[in-house]
Each structure stands twice: as structure tokens, then as C-alpha cells.
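One letter stands for each residue in the lines below.
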There are 2 protein chains.
Amino acid sequence: MDRRVTKKGDDDASGKERPTLKTLAFMTGLGVTTVSRALKDAPEIGAETRRRVQLVAKQIGYRPNRAGVRLRTGKTNVISLVLNTEHELMSFVSDIIYGVTEVIADTPYHLIVTPYSRSQDPLDPVRYLVETGSADGVIISRTQPNDPRARYMLEHGIPFATHGRTDMGLVHPYHDFDNYAFAGEAVRYLAGRGRNRLALVTPPVGLTYYRHTVNGFADALSEVGASEVPFNTVSIDQSIEQIRMRTAQLMRRKDRPDGFVSSAAAATLAVVAGIEDAGLKLGRDVDVVSKQSSELLHLFRRELLVVNENFRLAGSELARAVLGWIGGADPGTLQSLSTPSEVLPYRG
Amino acid sequence: MDRRVTKKGDDDASGKERPTLKTLAFMTGLGVTTVSRALKDAPEIGAETRRRVQLVAKQIGYRPNRAGVRLRTGKTNVISLVLNTEHELMSFVSDIIYGVTEVIADTPYHLIVTPYSRSQDPLDPVRYLVETGSADGVIISRTQPNDPRARYMLEHGIPFATHGRTDMGLVHPYHDFDNYAFAGEAVRYLAGRGRNRLALVTPPVGLTYYRHTVNGFADALSEVGASEVPFNTVSIDQSIEQIRMRTAQLMRRKDRPDGFVSSAAAATLAVVAGIEDAGLKLGRDVDVVSKQSSELLHLFRRELLVVNENFRLAGSELARAVLGWIGGADPGTLQSLSTPSEVLPYRG
DNA sequence: TTGGCAATCTGTAACGTTTCAGTATACTGA
DNA sequence: TCAGTATACTGAAACGTTACAGATTGCCAA
């Protein structure tokens, strides 16, 4: 009497297969519907039944089938992190990812990484996610003042959070580092050390925090009465070699700066190399204040002055924001700004 | 005559909703089954019908519903990258991810990142993936000679690839960097520069490539007749401060090494700091050969000697391997070993 | 007693896909 | 002519879940 093929109805509680609602229904003697509702604490299920179902479910290790839920409800339980595979600074990415996973660890959410490359329209991956309904929420970075992706997602009603702010008069969750404050602090610190001809290594032109940084730099310059040495040919997403060469060129001029403010650690390495290529000495001829996201720069040159940016925190905040929005919170309340640390000199 | 609620059967080709097989069936005048088969080039569908269906599908931008497929077939079209959120070296992670996404970009696969933390059994995330059927394939790192995760996945028949080899007599896809060769090359290079008292900054004890590295180091030492200065208290997953302090201690001893071989760039930064803490000079008193995964170390100190390890390549290879296995290839053919570059001194 | 109602529980359909078991048609060979 | 068969297509069922629309029971007021 071979019954390898189980027909509808003769579900049994035995052995190997992953338990489903039907399994639970069979075991508890209840209907599938009742079990489903009992598991989500629906009010019309008797208190005892509810407990009983939940107990059995826990015992046999029931886990809802994601495909079933997704097909029925459209809920994917997925958050997508959209990344540029060429530009994104290295350590940045892993920290953000870790931050995000930290937050979603005890939720049913999975994190998927959706890449796009330089050649593509940055809107492509977002459009893909929305059109295919592949995620309940999206996190984007490299945010621009007028960001088509944010606009698109708002129009299509998908919750998202941006790393960096926009400036479109539209409200949405974001997390940002206060780069205005950073640049200002940096300038003031350099001025305090007697530096008054400062150059700025900017973020990528076009991103929102480019403006913030430039403004913070400019405002503080006039505040302290220092002057800017233009260095517009350089931004942090250029290659190490480019930045190094341009810095060396700059430092060989008579009107060279005596201080730098740099928006990223990798660029700072190149800037320092360029300074030294020009035969100058860090700390004596020139001071450099740089953002960093790991305790790297002080190993590199102890004369460097650093401000820490915590990307892991950013990841957590972004994840919290998206989940909050998905959960129905007011997007306007899901915005956060991270204040820079003090400027830190090397301490033994 | 209000027909807001569409009952089964009166599907229409209009407007907003995402097209499904039913939409295509309606538009082509065929049955859903036929459409389904036509799209996957089943042989029992007439050539013209096939073309016609595929044309229409392309035109209206049909994309199979992942939840539908997954529910019906169990195929998730997901690859999971399992990461330790505490140990993994920073840049490592983003490079691997980029490598993986590069390969799966023109496949239907999504990449999900499954984290686990120090406190957890590394087997936990893998067990979760298998039990919930959340992925068609898995990539793991921090591979051990006797790796319970690999054994578990083999037992449960889920395709996977390991970053690093195992040594259990079980065959499975992997990608590895030839750390035996790396350590050997490094030793020979140092010997060539007259260094003969060498210390090794090892990978994390317990991982397979720890053994490879140690063996490569030891074999080359006896080959060139140099001796080892024990430095067992240090491995690359310790903190910067620890490594730095221990290195400084070591370098203050009279029997200090005159050469280092370091398995990771971050550790090398710390080692160099330690060397300099002890008042010694890189290139004069001691040489350091280090692996690196980005062009960082030569900016740091031009005296450093580097060997490049390409993690992006590793990611690609691992992705290719998993996809290959999923696609039915023989796991034994999906193994690759990456040969280290030469030892590279700074070149202007 | 009866009608009404609250409290619990249940069957059915549907989400989009693939597979199974056909059906209809035309062609083949005798 | 007919059976046999290859070709091209199709409906129904199933994957696991939730929502809708009841069904059953007991209790209370009238």
C-alpha cells in the first residue's frame, strides 16, 4: 500500500516536510483560517486557542512561507539597498550593510543588494524594484538635491530612505551627516592653528552634501577671516593618482594653501602623498583635517586631524527609517542628522 | 453598471496592473499554460506561436512574478552571502559583493546578505537559509578545514561555494587565494633583500588559510635558510591597538625580526605603527611584505612591499561557482585558485 | 419560545506560476 | 476507411497564505 503521493486532505504531522498552516491546522484540529489568525493575534480568536496554536507553532518550528505571504499579500519582507558599484567608497559599504542588518536582524526582513554601474541611469534599479515589486522599502545613497529617484519613489508610494538629504521641497526619511558643521569645524580648527589659506577637497559635485560641505567651508572661512585656495579640479571620487598629482601641482605653487579640509579618508591619503611629493611636511607646512570612517588616518600620519563619520550608525538609522515608514509612521519624523565629532588630533 | 470588482475570467489588457501570464494569454488568445511554455521555449509549442508570445511579452514588459514561481517551484532565484558582521575585514566585503553582483547582474538572481555575529554559531544563518528555503545557493567565507557549514550544506543538498578551501575530503566549489604561494614568495623576496629573521602576522587561527599561510611561510624559510621569529600572539583579526602594541614589544627585543610577512593590510598599518613606536625605520631596520586588496599601502609607506589580492575577482568566481552548481555542473569543476601577484615594491 | 447578537470558528477563492492529464486536429500507414 | 500517433494546445490542480463571506454556538432580552 504505497502512499508516496499525498493527495489533498491527507496531510499528516509526520517527519520531514516543512510545516505549513495546514500542518498546524491538522495538529490543533482547527481550520487553516483560524490558525492563520491565531498566529497574528487576531481578536476574534479565543484566548486559549490562540495560546495553543502559538505553542504548537513554536514547538514544531513553524515559519511562514515567504512566497505564500508575498504572493497573497504583495508584502515581500525585503529591504533593498541600492548601490553604485563603481563610485561607492569601500569601507562605507560594508559599514552601512552591517548597520542595516543589525536593525533588521530581529525582523522578518531580508536585505537585498541592488547594484547599478556608472553606465546606467541611477533610476534604473529603483524603477526595477518598483515595477517588479521586489521590495517593501528601499535605501539609496549618493543623494542629489533634485533626486529623480526620490521623486519617483514618492510618486509610486514605495517607502524609502535616503543617505543624504534632498532639496526638492518633498518630505521623506533620510539620514545625513552634518557636513556643513564638519566643514565649519574643520575650518575653525585650522584657523585656531594659525592656518588661513585653506583648500577644500570636495565631495562629488552634484550630490547634496557637496553643497553642504562647500557652504560650511565658505561660511566658516568668512567667519574666521581666512581665505580659500581654489581646488575645484579635485573631488573625492577621483582616482588616487589624479588627486595626488593635482595636490602636488597645487603645493608647488607659491600661493599654495597651508591647510586642507578633506571629505574622505581615501582622498586624504592621496592629498598627503601629493603634499609630500612637493617636498612639504604635514604639520609643519600644512595641516589637513579629514573625515574618516575607520581609525585609519592616525596610523597613516599622526599629524593628520580627523573627524569621525560613523557609517554603521548611518545604516542603522536608514534601516530604522524605512521600517518606520513601512510601519506607517509619518515620514517627516524619520529624519536624522548626525553631528560630527570634534576635530581630533593624534593622541598618543 | 459598476464592475470595479473583476471576477475571474474577465481579465483585460488595459492600463495599470502588472502583466501576468493571464494578461498575456488574453492578449494572444492562448491559454495560460501555452503562454507559460512558450516563454520558456518548450518544444511542444509551435514556432510561430512561440515567437508571437515572446514578442508580446517583450512589448508589454512582462516579468514573471517571483513569488508565483517560488511558491510553485521552490526556486527562489536568490543567492545568499553569509557574512560575519564583526570579523570581516572592511573593504573585503564591498569588493566581494560587487564581484558577486557583477556576475548575477544579467541573471534573474538577487543577492541577499545574511549576517551573523560573534555571539552566534556560524552554522545558525546557514541552517536558517536551508530550513526556510530562502536561497538557491549560498556563499560563505571564513572557511575552516573542518567546516560544519559546508558539511551541513552538502548533507542538505543546497549548492554553495566557499571562500577558502576546506579539508574534509568532501568536494565542493570554492575560490581561494593561494596563500601558501603568497607566504612563500614573501619570504623569498625578503631573503633576497638580505632579511633572515622573519615574523609572520597570521590569518585568524582556525581558518583554513591560516594553515596554508603558515606552511608556505615555514617551507620557504627552510628553503632559503632563514629563521622564524615567533609572533604567535598576533593575528590579523585582532584590534589595531593590540597588534601595534605587540609589534612594538617585539621590536624592542634584541632578537627582533628584520622582516615581516603580513596577511592583511589593516594589520600591516598596525605593524608599521608598532615598528615606528619602537623607534625603528621601515626599509632600513626591517622590511614588511603585506597582502592588500586596494592600492592603499604604498600611499601609507612607500617602503612597504605589497602583494595584491583581488576580492572582487573572488566574489565573481564564487558567484560563478554557485550558479554553476545550481545549473547542474559538477561541483568538482567549480574550484579555482588565484595566484598571487609578484611582490611589488613602490614604483614612483 | 423566539429573535438578535456576540464570540468563535470555518470553507472557499484568489494571488501567479508550473505540472499533470488531458483534448482536438491533422497526418500517417495500411 | 480506420486506428494510431504526432503536434499544438488547454483546463484544473497545487504550492502557502490571507480575506471574504459565512456558519455554528450560546446567551440574553423580550
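Every value quoted in this text rests on a predicted model; they were computed, and no experiment measured them.

Another point: the packing of aromatic side chains. Residue and element names in this part refer to chain A. Here the structure, examined in full by the defined rule, presents seven aromatic pairs over all chains. Residues Phe 160 and Trp 325 carry aromatic rings whose centres are separated by 5.3 Å and whose planes lie at 50° to one another, so their mutual orientation is tilted. With Phe 160 in strand 4 (residues 160-163) and Trp 325 in helix 13 (residues 311-326), this residue pair connects regions lying 165 residues apart in the sequence. Each member of the pair, Phe 160 together with Trp 325, is buried. For Lys 291, the ring lying beneath its charged end belongs to Phe 182, and the centroid distance is 5.6 Å.

Non-glycine residue B:Asn77 carries a positive phi angle of around 55°. Relative to the helices and strands, B:Asn77 resides in the loop between helix 4 (66-73) and strand 1 (78-84).

Here we come to empty space enclosed by the protein. Evaluation of the coordinates by the stated rule reveals two cavities of 30 Å³ or more. As a volume, the largest cavity reaches approximately 130 Å³. Lining the largest cavity are 13 residues; nearest its centre among them are A:Arg70, A:Val78, B:Arg66, B:Arg70 and B:Val78. Secondary structure elements with two or more residues in the lining of the largest cavity: helix 4 (66-73) and strand 2 (110-116) of chain A together with helix 4 and strand 2 (110-116) of chain B. Class assignment for the residues of the lining of the largest cavity results in four nonpolar, five polar and four charged. Looking at the second largest cavity, its volume works out to about 40 Å³. A:Arg66, A:Ala67, A:Arg70, A:Thr76, B:Ala67 and B:Arg70 are the residues that line the second largest cavity. Residue assignment for the lining of the second largest cavity shows that the elements contributing at least two residues are helix 4 of chain A together with helix 4 of chain B. With three residues, helix 4 of chain A is the single largest residue contributor to the lining of the second largest cavity. A per-class count over the lining of the second largest cavity returns two nonpolar, one polar and three charged.

It is worth spelling out the protein's contact with DNA strand D at this point. The environment of DNA strand D is formed by 27 residues, the closest being A:Lys40, A:Tyr62, A:Arg72, B:Gly31 and B:Thr34. Per the 4 Å cut-off to the protein, sugar and phosphate atoms form 60% of the nearby atoms of DNA strand D. With respect to DNA strand D, the side chain of A:Lys40 contributes an N or O atom lying 2.7 Å from a phosphate oxygen. Here B:Gly46 contributes a backbone N or O atom positioned 2.9 Å from a phosphate oxygen of DNA strand D. Taken together, the residues of the surface near DNA strand D sort by class into eight nonpolar, 12 polar and seven charged.

Attention now goes to the interface of chain B and chain A. At the interface, 42 residues of chain B touch 42 residues of chain A. In total, chain B and chain A occlude about 3,800 Å² of area from one another, counting both sides; carbon and sulfur atoms represent 61% of this. Counting across the interface, chain B meets chain A through four salt bridges. A:Arg302 is paired through a salt bridge with B:Asp277; the nearest N and O atoms lie 3.2 Å apart.

Residue and element names in this part refer to chain A. Taking strand neighbours across the sheet as the criterion, the five strands line up as 7-6-8-9-10 in an open arrangement whose pairing is parallel. In this open sheet, the two edge strands, each paired with only one partner strand, are strand 7 (227-228) and strand 10 (305-308). Bridge analysis of strand 6 (residues 197-201) against strand 7 gives two bridges, and the strand direction is parallel. Within strand 7, the position partnered with Arg 197 by the bridge is Ser 227. On top of the sheet, helix 9 (residues 208-224) reaches strand 6, strand 7, strand 8 (259-262) and strand 9 (287-292); it is set at about 175° to strand 6, its chief contact.

Residues and elements named next belong to chain A. It is at 10 Å that the axes of helix 1 (residues 21-28) and helix 3 (residues 47-60) come closest, and there the two elements cross at 120°. As the angle between them shows, helix 1 and helix 3 are arranged oblique. The two elements helix 1 and helix 3 meet at a crossing, and its hand is right-handed. Taking contact as the criterion, the partners of Leu 24, Met 27 and Thr 28 in helix 1 are, on helix 3, Arg 52, Val 53, Val 56, Ala 57 and Ile 60. Residues that form the contact of helix 1 with helix 3 fall into these classes: six nonpolar, one polar and one charged.

Time to look at the protein's contact with DNA strand C. The environment of DNA strand C is made up of 27 residues, and the closest members are A:Gly31, A:Thr33, A:Thr34, B:Tyr62 and B:Arg72. Near-protein atoms of DNA strand C (within 4 Å) split between backbone and bases, with sugar and phosphate holding 58%. With respect to DNA strand C, the backbone of A:Gly46 contributes an N or O atom lying 2.9 Å from a phosphate oxygen. Those elements giving two or more residues to the surface near DNA strand C turn out to be helix 2 (32-39) and helix 4 of chain A together with helix 1 (21-28), helix 2 (32-39) and helix 4 of chain B. Residues of the surface near DNA strand C, tallied by class, amount to eight nonpolar, 12 polar and seven charged.

Residue and element names in this part refer to chain A. Under the defined criterion, the tally for this structure stands at 42 salt bridges over all chains. For Arg 50, the salt bridge goes to Asp 41, with nearest N and O atoms at 3.8 Å. In this structure, the salt-bridge partner of Arg 193 is Asp 287, at a minimum N-O distance of 2.9 Å. A residue pair is termed long-range when its members are at least 10 positions apart, and Arg 193 in the loop between helix 8 (179-192) and strand 6 and Asp 287 in strand 9 qualify at 94 residues. Connected through salt bridges with shared partners, the residues Glu 185, Arg 188 and Glu 223 form a single ionic network.

Rules used throughout
Residues numbered from 1 in each chain as written. Chains lettered and ligands numbered in written order. Predicted model: local features only at pLDDT ≥ 70, side-chain atom pairs only at ≥ 80, totals over all residues. Heavy atoms only, no water. Phe/Tyr/Trp six-rings, centres within 6.5 Å; stacked < 30°, edge-to-face > 60°. Helix = DSSP H or I, 4+ residues; strand = E, 2+ residues; numbered from the N terminus. Buried < 20%, exposed > 50% of the residue type's maximum accessible area, 1.4 Å probe, protein only. Lys NZ or Arg CZ within 6 Å of the ring centre and 35° of its normal. 1 Å grid on protein atoms, 1.4 Å probe; cavity = no way out; pocket = protein on both sides within 12 Å on 5 of 7 lines; lining within 4 Å. Points joined across faces, edges and corners; volume = space filled by probe spheres on them. Nonpolar A, V, L, I, M, F, W, Y, C, P; charged D, E, K, R; others polar. Near = heavy atom within 4 Å. Polar contact = N/O pair within 3.5 Å; in protein donor to acceptor, adjacent residues only side chain to side chain. Contact = heavy atoms within 4.5 Å. Buried area = accessible area lost by both parts, 1.4 Å probe. Salt bridge = Lys/Arg side-chain N within 4 Å of Asp/Glu carboxyl O. Pairing = 2+ DSSP bridges. Axes fitted to C-alpha atoms, helices over the stretch in contact; angles between N-to-C directions. Parallel < 35°, antiparallel > 145°, perpendicular 65-115°, else oblique. Left-handed = near helix turned anticlockwise from the far one by under 90°.

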